[in-house]
Amino acid sequence: MLGLALVVGLFGTRALSQAPPPRAPLALVGGTIYTNPLLPPIRDGAVLVEGGRIVSVGPRSSVRIPRGATVLDTTGSTITAGFWNSHVHFLERMWANAATAPAADLTRQFQLMLTQYGFTSVFDIWSSWDHTRQLRDRVESGEVAGPRIRATGPAMFPKAAGASPEMELSPTAVWASLGFMPQETIRLSRVSETAEAVANAKRLLDLGADGIKLYVTFGGANGPSMSAGLIQAVVQEAHGRGKLVFVHPTTTAGLMTAVRAGVDVLAHTTPQSGPWNDEVLAAMSQARVALIPTLSFWRYQMRHDRISAADAVEESAVGQLRRWVAAGGTVLYGTDLGWVTIYDPTVEYELLAQAMTFPQILASLTTAPADRFGETASLGRVAPGYLADLTVIRGDPARDIRALSRIDYTIRDGNVIYRAPR
Ligand SMILES: [Zn+2]
């Protein structure tokens with residue numbers, strides 16, 4: 001906890017009215033640097049950061065460290081661009097009253113959930129719009145040390161004809177026992193008509209949402225589903241404003257409808273529908289969707305079920321991902337974190353490694369989300385001119401994928417927002 005106190009002391013308590021003090025350049029010296037997951041790494045390298053941006057990267061001998069720079073010895077570590085988790089939710093009770101919660105608490109909560117594992121950017125694809133926006137404002141003001149947050153606000157759910165627009169996801173007591181903020185706080189919407197869905201998308205986008213999240217089928221294969229026309233209309237509205245549409249497909253039928261309607265990101269695989277055949281893969285490839293695997297989500301979701309049943313679903317999810325990767329599809333790392341309340345990503349990395357190589361996994365954490373979310377020129381790579389979002393991993397994840405969750409430093413905009421305790 002010593003590291004935590006240090007980080008909070010340095011970065012967590014700056015008064016809002018105060019101009020930020022001029023920062024000394026920051027140098028990371030030693031270790032292996034992946035400038036881009038698809039390129040061979042630089043051994044015994046160095047990175048120099050000034051004014052929140054990377055100014056120089058290369059072999060140690062080629063990077064001039066100015067006098068007065070803060071130097072971090074990263075010998076024996078691996079340096080990559082800051083990680084993205086493209087599927088999170090700020091739904092837990094600890095994020096409620098985000099406008100007034102103590103800054104030190106919020107900083108520690110971000111460390112617990114994300115920054116201690118190297119995450120510098122997240123896409124929250126369903127939560128209370130108000131709470132998440134307040135959370136983001138406090139991070140962006142510099143008051144709270146946390147990740148970059150993009151958010152869709154509440155998801156839209158399908159409604160059976162004649163059903164009431166109000167919905168409870170689960171009985172209030174059950175919901176509370178899961179640790180989430182009250183359902184009425186989230187104000188999710190339930191839609192059956194295209195016009196309703198488009199009006200709701202417009203409202204969220206006007207408020208500043210970074211994307212739209214649709215839950216295509218709800219309550220299992222026989223639950224109500226969104227029509228192709230409804231999805232298409234929402235896609236058109238979002239794309240007109242340069243925003244993406246995420247979907248929770250539930251079933252492969254839901255996936256096909258969504259993909260053909262032009263959605264951008266699949267928030268899960270569909271392992272309960274059996275393997276993906278060539279037709280499914282062709283439709284996904286043609287639509288150029290990105291896939292968030294959430295492989296560890298299934299066992300979490302089935303934690304009360306028979307273990308062999310959970311094994312089968314997990315194996316099916318890994319198989320679907322393997323086929324998508326073989327087809328050359330884009331993968332974005334994401335774990336449904338915040339719904340799944342086990343924050344340690346180690347199991348996810350182990351499962352991903354059954355379907356992907358280390359460079360592919362690293363791309364899903366860095367370049368792939370930066371490219372898909374329109375940040376190709378500023379995030380996802382370790383290169384001069386890029387924002388200084390860096391993850392310093394202890395050891396070599398190319399040899400042992402579990403090293404990806406052992407983090408020495410998490411750096412955002414050139415600020416150390418997490419430092420491992422020594
Ligand atoms: Zn989710």
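The rules behind the values
- Residues numbered from 1 in each chain as written.
- Predicted model: local features only at pLDDT ≥ 70, side-chain atom pairs only at ≥ 80, totals over all residues.
- Heavy atoms only, no water.
- Helix = DSSP H or I, 4+ residues; strand = E, 2+ residues; numbered from the N terminus.
- Expected span 1.5 Å × (residues − 1).
- Contact = heavy atoms within 4.5 Å.
- Phe/Tyr/Trp six-rings, centres within 6.5 Å; stacked < 30°, edge-to-face > 60°.
- Lys NZ or Arg CZ within 6 Å of the ring centre and 35° of its normal.
- Salt bridge = Lys/Arg side-chain N within 4 Å of Asp/Glu carboxyl O.
- Buried < 20%, exposed > 50% of the residue type's maximum accessible area, 1.4 Å probe, protein only.
- Pairing = 2+ DSSP bridges.
- Donors = N, O, S within 2.8 Å, 3.2 Å for Na, K, Ca; no water.
- Domains from an automatic or database assignment.
- Buried area = accessible area lost by both parts, 1.4 Å probe.
- Polar contact = N/O pair within 3.5 Å; in protein donor to acceptor, adjacent residues only side chain to side chain.
- Axes fitted to C-alpha atoms, helices over the stretch in contact; angles between N-to-C directions.

A short note on helix H7 (residues 228–240)
Working step 1: With 13 residues, H7 ought to run about 18 Å at 1.5 Å a step, and its terminal C-alpha atoms sit 18 Å apart, in line with that.
Working step 2: Of the surrounding secondary structure, the elements contacted by the buried residues of H7 are strand S11 (189–191), helix H6 (194–207), strand S12 (211–215), strand S13 (244–248) and helix H8 (252–260).
Working step 3: Taken from the residues just after H7, glycine 242 is the one with a positive phi, measuring 70 degrees.

Regarding the packing of aromatic side chains
Working step 1: A full pass over the atoms with the stated rule returns 21 aromatic pairs.
Working step 2: Among the aromatic residues, those joined into a cluster by ring pairs are Trp126, Phe157, Trp175, Phe180, Tyr215, Phe218 and Trp339.
Working step 3: Just above the ring of tyrosine 300 sits the side chain of arginine 303; from NZ or CZ to the centre is 4.1 Å.

As for the pattern of salt bridges
Working step 1: With the rule as written, the count across this model stands at 22 salt bridges.
Working step 2: With its nearest N and O atoms 2.7 Å apart, the salt bridge here joins aspartate 278 to arginine 323. Here aspartate 278 is found in helix H9 (residues 278–287), whereas its partner arginine 323 is found in helix H11 (residues 307–326), with 45 residues between them in sequence.
Working step 3: Note on arginine 323: relative accessible area 35%, which makes it partly exposed.
Working step 4: For the salt bridge of aspartate 396 with arginine 399, the shortest nitrogen-to-oxygen distance reads 3.5 Å.
Working step 5: Look at arginine 399 and you get exposed, because its relative accessible area is 76%.

Observations concerning the pairing of strand S4 (residues 53–59)
Working step 1: Note that strand S3 (residues 45–50) and S4 share six bridges and pair antiparallel. Considered in S4, the bridge of leucine 48 is made with serine 56.
Working step 2: Connecting S3 to the antiparallel partner S4 that follows it, the hairpin turn spans two residues, and glycine 51 within it adopts a positive phi of roughly 60 degrees.

Quick look at the coordination of the zinc ion
Working step 1: Coordination sphere of the zinc ion, protein contribution only: His87 (NE2), His89 (NE2) and Asp336 (OD), at 2.0 to 2.2 Å.
Working step 2: Sequence positions of the residues that donate to the zinc ion give the spacing H-x1-H-x246-D. Of this pair, histidine 89 sits in the loop between strand S7 (83–88) and helix H2 (103–113) while aspartate 336 sits in the loop between strand S16 (330–331) and helix H12 (346–352), and the two are 247 residues apart along the sequence. Of the two residues, histidine 89 and aspartate 336, neither departs from the other in class, the shared state being buried.

Focus: the domain arrangement of the protein
Working step 1: The domain boundaries assigned to the protein delineate domain 1 (2–81 + 382–419) and domain 2 (83–372).
Working step 2: Averaged C-alpha coordinates put domain 1 and domain 2 at centres separated by 29 Å.
Working step 3: With 30 residues of domain 1 in contact, the opposing surface of domain 2 contributes 35 residues.
Working step 4: Carbon and sulfur atoms supply 66% of the area that domain 1 and domain 2 bury against each other, a total of about 2,700 Å² over both sides.

Some words on the side chain of arginine 138
Working step 1: With respect to the helices and strands, the residue arginine 138 is situated in helix H3 (residues 129–140).
Working step 2: The exposure class of arginine 138 is buried, given its relative accessible area of 10%.
Working step 3: In terms of polar contacts, arginine 138 uses its side chain to reach the side chain of glutamate 143, at 2.9 Å.
Working step 4: Look past the residues within four positions of arginine 138 in its chain and what remains in contact with it is Ala98, Ala99, Thr100, Ala101, Pro102, Ala103, Leu106, Glu143 and Val144.

Description of the sheet that holds strand S8 (residues 119–124)
Working step 1: A sheet is described by the order of its strands in space; here three strands give the open sequence S7-S8-S9, paired in parallel fashion. With partners counted over all chains shown, the strands left at the sheet margins are S7 and strand S9 (148–151), one partner each. Recorded for the sheet is a direction-independent mean angle of 15 degrees between the axes of neighbouring strands.
Working step 2: The pairing of S8 with S9 spans four bridges and is classified as parallel. Residue pairing across strands places serine 121 opposite arginine 148, the latter belonging to S9.
Working step 3: Sheet contacts for H3: S8 and S9; angle to S9, the most-contacted strand, approximately 155 degrees.

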